[in-house]
Amino acid sequence: MTMQIPAPASKQTARLSFPAGRIGKRLVQVAVTLFGLLLLTFFIGRVMPVDPVLAIVGPDADHSTYQQVYHQLGFDKPLWTQFGIYLSGLAHGDLGNALLTGKPVTQDILRVFPATMELATLAIILGAGVGIPLGVLAAAKRNSIADYVVRIISLAGYSTPIFWVGMMGLLVFYAWLGWVGGAGRVDFSLDGQVTRHSGFMLIDALIAGNWEVFRNALNHLILPASLLGFHSLAYISRMTRSFMLAQLSQEFIITARVKGLSEWHVLWNHAFRNILVQLLTVVALAYGSLLEGAVLIETVFSWPGFGSYLTSSLMLGDMNAVMGCVLVVGMIFVVLNLLSDLLYQVFDPRTKV
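Residues numbered from 1 in each chain as written. Predicted model: local features only at pLDDT ≥ 70, side-chain atom pairs only at ≥ 80, totals over all residues. Heavy atoms only, no water.

Enquirer: I keep staring at a nonpolar patch on the surface and nothing clicks. Help me out?
Expert: The grouping of Phe 163, Trp 164, Met 167, Met 168, Leu 171, Phe 173, Trp 176, Leu 177, Trp 179 and Leu 296 at the surface amounts to a nonpolar patch, some 1000 Å² of accessible area in total. If you tally residues by element for the nonpolar patch, the top one is helix H7 (residues 162–176), at seven residues. Along the chain, the position of Trp 176 falls in helix H7. (Patch = residues over 30% accessible without salt bridge, like charges linked within 9 Å, V, L, I, M, F, W, Y side chains within 5 Å. Areas by Shrake-Rupley, 256 points an atom, 1.4 Å probe, with all protein chains shown as cover. Salt bridge = Lys/Arg side-chain N within 4 Å of Asp/Glu carboxyl O. Helix = DSSP H or I, 4+ residues; strand = E, 2+ residues; numbered from the N terminus.)

Here it is as structure tokens:
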């Protein structure tokens, strides 16, 4: 009978604690990145040639009123002191008040962000759901008619101005054909009929059991989401094609084909599985870009979302709202990158070393 000698305690501890240590390291990197973003955003907001005091009191206010508001906002203090006050408020979830609405920026962002998230989520589902198979098809049929068609579609989606596509989409599918809804999230006559719970119109309509509002909201959502999805489809399909071409030239693919495996099995069970980790990052970054880059589509479709709110705040010179929006965008990309790294552990065992 042989006895198994256990590994030293120090090695067992290191082996068990390493995943937690890796996650802790990632969290520290996230904290440092967000702090740097806060610092950069704050000082850019303070040196911008826009006077928030003047935006509050108006150009006709007298000097004493101007000085009073200037003092109340803390602009008479040193920049580092102002930054400390900003961090203290941020720790309590206070991003200041917005000039546009007079309400806390946090409250405004929580109000408008679900509309953009609903739009971007459906767009990324359409973009990835169609773009990934197209990219695989283009790689499998390299230099064929199918490949050229996919590459033309990708080029068109990537290079065509999104605002022009949006206006043409409204003209054709709404004004001429009447297949989809127009501007806004629902028709004006249905606005306010569903109580706001999550901020997602489709979900709130389902909670309320109001199928008329649900169908109308989906009718309004499908066109802008499809156009955004077409834009992300171009990027995702092009990256998928590139990743797949690199895999299809590998020796293990030749070996799989020599063994007599079907082309479908070779493509999806061998080549595609090897690019899944790379696609996670591509899709995550595309989703983040949709969340912060839907400004033009929201403007064309009068969509009351995050992009419209940021644009209006910039036009007004509302730096509290702008800094809050920039911070949210930075947090989105940091969190998506962190999630991508964690998902690597699930889909690629080689990263668990």
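Enquirer: Would you mind showing me how to read H7 here?
Expert: Turn by turn, an α-helix covers 3.6 residues, leaving residues three or four places apart pointing in a common direction. Spanning 15 residues, H7 covers 20 Å between terminal C-alpha atoms, matching the ideal 21 Å at 1.5 Å per step. Buried within H7 we find Ile 162, Val 165, Gly 166, Gly 169 and Leu 170. Where H7 is buried, its residues touch helix H9 (211–248) and helix H12 (295–300). A positive backbone phi angle near 70° is found at Gly 178, which sits one or two residues after H7. (Expected span 1.5 Å × (residues − 1). Buried < 20%, exposed > 50% of the residue type's maximum accessible area, 1.4 Å probe, protein only. Contact = heavy atoms within 4.5 Å.)

Enquirer: Looking at this structure, how should I read the side chain of Ser 154?
Expert: As for its placement among the helices and strands, Ser 154 is situated in helix H6 (residues 145–159). When its relative accessible area of 7% is taken as the criterion, Ser 154 is described as buried. Setting aside residues up to four positions removed in sequence, Ser 154 forms contacts with Ala 234, Ser 237 and Arg 238.

It is worth stressing that arrangement in space is one thing and function is another; only the former is reported here.
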